[in-house]
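Observations on the three-dimensional arrangement
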Amino acid sequence: MAESSPDIAVIGAGVIGCAVAWELARRGARVQLIDCRDVALGATQASAGVLAPYIEGHDKAPLLELSIRGLALYDGFIDRLRRDGHGPAHYYRTGTLETAADGDGAAALERHAGLLASRGVDAEFLDARAVREAEPHLAPETAGGLLVRTHGFVNAPELTFALWEAAAERGVHTRRSCQVTRIDRDGSGVRLDTGEGVVKARQVVLAAGSWSGRIAAGEGPAVPVRPVRGQLLYLEWKGAPLRRVVWGPSCYLVPWTDGSLLVGATVEDAGFDERATASGVHDLLGAACALVPQGWQAGFAGVRVGLRPATADELPIVGRSARLEGLVYATGHYRNGILLAPLTATLVADLVLEGRTAPELEQMNPARFGAL
Ligand SMILES: Cc1cc2nc3c(=O)[nH]c(=O)nc-3n(C[C@H](O)[C@H](O)[C@H](O)COP(=O)(O)OP(=O)(O)OC[C@H]3O[C@@H](n4cnc5c(N)ncnc54)[C@H](O)[C@@H]3O)c2cc1C
């Protein structure tokens, strides 16, 4: 059986594992990336790639702060990746428009717009007329909207492949179809038991998304991450596209420049079942076409399904294990893994290579769930 000794083994080639591997390699580490399937086949392949702290994080203070910090890092992150020759083609900061279907909803958005503007966010409330001028495809009964200009979106699978290619060029070796079953302490490093033999490393980063808790790490409870299924539709939009991400009461729409319109997303407790369902497709289609009636003319290109890695407090788990020296967690990113990938990669690299514990790690500390 093959045995190899990178400085750092990263388990999971989703957006988090690929971002961490690239950042570690950029800083000179010898990294091995291990996935039981292939690159970007977990939750990441189904992600809508929306970068929008002021929608997803509305009133949850720690997540909102992390998300704002995550978004602030994005331009620089994409620039560095492009300088490495591998930026994603589809990265846009064209804003989001959150819409309301009735007067009460519009009043709430107007209050929220005022709050954001008072904090210096480039946000504006649009009344019923202005909202339809901004997005002419919206249903006539749309009562108002909140425009946040700094938001954006990225093609998440494309980003992840770009990270992986850039990492590979910096020497990261990838093992595909290699399932890690156990992590243990081994002399001055760690030992990974895999279906393909043993991997030894100085340190290991566990970034296996929803499956992180299925990998035994020393003795003690598994990391408490559970799968939350999300279905995402791909439509082929006909005619003039939407101008930005549109958020409605029951779905959101992401317009890619190639004419694809992404419709997200269901939020379901379905265990590890990654299958699409008729009801998921039905509900998303109904919600999308209530928002933009012209959606009924769109082609149906398919549905993607992913398992979001959720934690009890909806915050990621990032930091050192208290019980297994050399193990670092980077998991539990739930609905914000794309948005938080640059921040996570920076924090993990600081921790693993320089022993630096940034203040943000306090909020994501594994210790809040016991002796992990
Ligand atoms: C429908 C949907 C829409 C979303 N929209 C957004 C959005 O708009 N914005 C946003 O920021 N986030 C969004 N998310 C969330 C985001 O996609 C996730 O938070 C993110 O993809 C998690 O990345 P990850 O790398 O942690 O996990 P994953 O992408 O799931 O990757 C984990 C990897 O670990 C591998 N693995 C598992 N077990 C093992 C093992 N034992 N050994 C080796 N490898 C293993 C898997 O094969 C997989 O490749 C969305 C998610 C879904 C499902």
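This text goes with the structure placed above it.
Residues numbered from 1 in each chain as written. Predicted model: local features only at pLDDT ≥ 70, side-chain atom pairs only at ≥ 80, totals over all residues. Heavy atoms only, no water.

Quick word on the side chain of Asp184
The condition is simple: Helix and strand assignments come from DSSP, with helices taken as H or I runs of at least 4 residues and strands as E runs of at least 2, each series counted from the N terminus. Under this definition, polar contacts are N or O atom pairs within 3.5 Å; protein pairs additionally need one hydrogen-donor-capable and one acceptor-capable atom, and for neighbouring residues in sequence, both atoms have to be side-chain atoms. We call two residues in contact whenever any of their non-hydrogen atoms come within 4.5 Å of each other.
Relative to the elements of secondary structure, Asp184 occurs in strand β10 (residues 180–186). There is a polar contact of 2.6 Å between the side chain of Asp184 and the side chain of Arg182. Ignoring any residue separated from it by four or fewer positions in sequence, one finds Asp184 in contact with Gly189, Val190, Arg191, Gly218 and Leu324.

So, the site of the ligand
Stated formally: It suffices for a single heavy atom of a residue to lie within 4 Å of a molecule or strand for the residue to be listed as near it. What sets the accessible areas is the Shrake-Rupley method with a 1.4 Å probe; for residues, cover comes only from the shown protein chains. Basically, the charged four are Asp, Glu, Lys and Arg, the nonpolar ten are Ala, Val, Leu, Ile, Met, Phe, Trp, Tyr, Cys and Pro, and anything else, Gly included, counts as polar. These domain limits were set by an automatic method or by a database of domain assignments.
The immediate surroundings of the ligand are formed by 38 residues, with Asp35, Ala43, Thr44, Val50 and Tyr334 found nearest. A distance of 2.8 Å separates an oxygen atom of the ligand from a polar atom in the backbone of Tyr334. Within the complex, the protein chains bury 98% of what would otherwise be the 1000 Å² of accessible surface of the ligand. Elements represented by at least two residues in the shell around the ligand include exactly α1 (15–26), β19 (299–310) and α8 (337–354). Sorting elements by how many residues they give to the shell around the ligand places α8 first, with 3 residues. Per-class residue counts for the shell around the ligand are 21 nonpolar, 13 polar and 4 charged. In this structure, the shell around the ligand is formed jointly by two domains, domain 1 (8–50 + 157–224 + 313–369) and domain 2 (93–150 + 226–310), each of which donates at least three residues.

Description of the layout of surface pockets
Short version of the rule: In the cavity and pocket records, a cavity denotes points on a 1 Å grid over the protein atoms alone where a 1.4 Å probe fits but cannot get out, a pocket denotes an open set with protein on both sides within 12 Å along at least 5 of 7 lines, and lining residues are residues with an atom within 4 Å of a point. Grid points are joined across faces, edges and corners, and a volume is the space filled by probe spheres set on the points.
In this structure, the second largest pocket occupies an estimated 180 Å³ of space. Looking at the second largest pocket, it is lined by 13 residues, and the ones nearest its centre are Ala101, Pro249, Ala287, Ala290 and Leu291. Every element with two or more residues in the lining of the second largest pocket is listed here: β5 (96–100) and α7 (278–291). Broken down by element, the residue count for the lining of the second largest pocket peaks at 3 residues, all from α7. Per-class residue counts for the lining of the second largest pocket are 8 nonpolar, 4 polar and 1 charged.

A closer look at the sheet that holds strand β16 (residues 245–247)
The condition that has to hold: Pairing between two strands is assigned when DSSP locates at least 2 bridges connecting them. Axes, fitted as lines to C-alpha atoms, cover a helix only where it is in contact. Angles between the N-to-C directions of the axes lie from 0 to 180 degrees.
Pairing is mixed across the open sheet formed by 8 strands, whose spatial order is β6-β7-β5-β16-β17-β18-β15-β19. Edge positions in the open sheet fall to β6 (123–127) and β19, since each of these has one partner strand only. Here the average twist between neighbouring strands, direction ignored, is 20°. Pairing between β6 and strand β7 (residues 144–148): 5 bridges, direction antiparallel. Residue Glu124 lies in a different strand from β7, and its bridge partner there is Leu147. Packing against the sheet, helix α4 (residues 103–118) makes contact with β5, β6 and β7, and its axis sits at approximately 25° to β7.

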